[in-house]
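Chain residues, written in single-letter form:
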Amino acid sequence: MLQIEIDHLNKHYVGFHALKDINIAIKQGSFVALVGPSGCGKSTLLRTLAGLEKISSGDVRIAGTSVVGKPPRERDVAMVFQSYALYPHMDVERNMNYSMRLKRRPKDEISERTRAAADTLGLGGLLDRLPKALSGGQRQRVAMGRAIVRNPKVFLFDEPLSNLDAALRVHMRGEIRKLHERLQATSVYVTHDQVEAMTMADHVVVMRSGVVEQQGSPLDLYDHPGNKFVAGFIGSPAMNFLPATAEADGKIVFNKDSTQSIQSNFHIEAGRKLWVGMRPEHLSLQAGSNDVEIDAVVTGIESTGSMTFVVLDVADQPVIMAHSGRPGNGKGEKVRLHISADNLHLFDYETELAITSTRTT
Ligand SMILES: Nc1ncnc2c1ncn2[C@@H]1O[C@H](COP(=O)(O)OP(=O)(O)OP(=O)(O)O)[C@@H](O)[C@H]1O
Ligand SMILES: [Mg+2]
């Protein structure tokens, strides 16, 4: 069943078209991430789902019913914001059940639901603490507790983890995902961090400038990016792009160094201007099957301990190779890069759309 349907949604602020013809269908129980650079419209879209922002045209349906014009409290959604905005003078328990007290729910129900949410979140021992006596991660959990006690059909998260340190963020990602599964809720999660989107969501929506650029499963977006923007946005370190020109029979020549050419398995008309995309983790110093070879010069080595990022010069362009070991190469060394022809991505130079249908294999 579809829990949320966003149908030809447009949002205009005065003089600014913030959301442009957005179409997203979200299944009951799924975890959807909205991801994209700052200012692309993620929060605006989430706020239109919550009812905090009026839409200009289109439709939003929750559980099959249009919610356009309905105030937030009639939508059965709960939103968790980046800033937790806890009431400083209320203890954890009163922060969590504030909305139920406001609605004058029966006392038994309030304490039962608060207790259940606190247990779910591991806050049982902290119910009488004030927010100032909590760590950042604990405050974040109280903010989620406030949403959980309302028992909503849909959770909306707007960058809930960006105030936390890296280790806690990774921990909380797992916790939110587990919570989502336990509550069998539908979650929409805004983040500008593509790793967060990829690891948490089963459906990722990539946005830019108010437009949905592409949506699909995380691996679908990684394997088959529809354009250069999505290709560069999904994956870390980002995909390398080199300007190039097609010659006959799938041969491709780098624009900045016409002595270097690679043999692809694409059918492209000669003379077409392209971007060649290569993911850092697909480049190797070892020959493999279906191999394409490229000459390069090492210009830098960045080691994280477990991974080494080798910065190279290829046809006068910087290229990054991710290496899981510790290559013994030094700056200035000439090397031969290898990549499987199956891992080459091509994009039209002008439209930046992926060239796909012409693969021969
Ligand atoms: N009330 C408003 N009036 C006019 N423009 C607005 C208003 N609110 C937001 N915008 C614009 O709409 C665009 C989308 O804003 P939004 O907050 O949705 O971005 P975002 O993707 O959440 O970015 P971030 O990652 O920085 O939070 C921005 O360009 C912003 O300047
Ligand atoms: Mg935002």
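Keep in mind it's a predicted model, so treat the numbers as computed, not measured.

J.: Tell me about the site of ligand 1, and please be specific about residues and values.
T.: For ligand 1, the full set of nearby residues is Tyr-13, Phe-16, Ala-18, Pro-37, Ser-38, Gly-39, Cys-40, Gly-41, Lys-42, Ser-43, Thr-44 and Glu-159. Here Cys-40 contributes a backbone N or O atom positioned 3.2 Å from an oxygen atom of ligand 1. Note that an oxygen atom of ligand 1 is positioned 3.0 Å from one of the backbone N or O atoms of Gly-41. Across the complex, the protein chains shield 58% of the 650 Å² of accessible surface that ligand 1 would expose by itself.

J.: Account for the pairing of strand S9 (residues 203–208), naming residues and giving values.
T.: The sheet contact formed by strand S3 (residues 31–35) and S9 spans four bridges and is parallel. Looking at S9, one finds that Leu-34 is bridged to Val-205. With five bridges connecting them, S9 and strand S10 (residues 211–216) associate as antiparallel partners. Each residue of the ladder has a partner; that of Val-204, found in S10, is Gly-216. Connecting S9 to the next strand, S10, in antiparallel fashion are two residues, including Ser-209 with a positive phi near 45°.

J.: Describe the domain arrangement of the chain, naming the residues involved and giving the relevant values.
T.: According to the domain assignment, the chain contains domain 1 (2–232) and domain 2 (233–348). A separation of 38 Å is found between the C-alpha centroids of domain 1 and domain 2. At the interface, 18 residues of domain 1 touch 13 residues of domain 2. Approximately 1300 Å² of surface area, both sides summed, lies buried where domain 1 meets domain 2, with 68% of it carried by carbon and sulfur atoms. Interface area lost by domain 1 to domain 2 is led by Gln-194, Tyr-222 and Lys-228, which between them contribute 47%. Linking domain 1 to domain 2 there are zero salt bridges. Applying the counting criterion to the domain 1 and domain 2 interface returns six residue pairs in polar contact (both at pLDDT 80 or more). Residues that form the side of domain 1 that touches domain 2 fall into these classes: 11 nonpolar, five polar and two charged.

J.: Could you give an account of the sheet that holds S3, with specific residues and numbers?
T.: In space, the six strands of this open sheet follow the order S6-S7-S8-S3-S9-S10, with mixed pairing throughout. Strands at the two margins of the open sheet, each flanked by one partner only, are strand S6 (77–80) and S10. For this sheet, the mean angle separating the axes of adjacent strands, direction not counted, is 15°. Relative to strand S8 (residues 186–191), S3 is paired through five bridges, and the arrangement is parallel. For Phe-31, the partnering residue across the bridge sits in S8 and is Ser-187. Where helix H1 (residues 42–50) meets the sheet, its contacts fall on S3, S6, strand S7 (154–158), S8 and S9, and the angle it forms with S7 comes to roughly 150°. Packed on one face of the sheet, helix H5 (residues 136–148) meets S6 and S7 and runs near 170° to S6.

About the cut-offs
- Residues numbered from 1 in each chain as written.
- Chains lettered and ligands numbered in written order.
- Predicted model: local features only at pLDDT ≥ 70, side-chain atom pairs only at ≥ 80, totals over all residues.
- Heavy atoms only, no water.
- Near = heavy atom within 4 Å.
- Polar contact = N/O pair within 3.5 Å; in protein donor to acceptor, adjacent residues only side chain to side chain.
- Areas by Shrake-Rupley, 256 points an atom, 1.4 Å probe, with all protein chains shown as cover.
- Pairing = 2+ DSSP bridges.
- Helix = DSSP H or I, 4+ residues; strand = E, 2+ residues; numbered from the N terminus.
- Domains from an automatic or database assignment.
- Contact = heavy atoms within 4.5 Å.
- Buried area = accessible area lost by both parts, 1.4 Å probe.
- Salt bridge = Lys/Arg side-chain N within 4 Å of Asp/Glu carboxyl O.
- Nonpolar A, V, L, I, M, F, W, Y, C, P; charged D, E, K, R; others polar.
- Axes fitted to C-alpha atoms, helices over the stretch in contact; angles between N-to-C directions.

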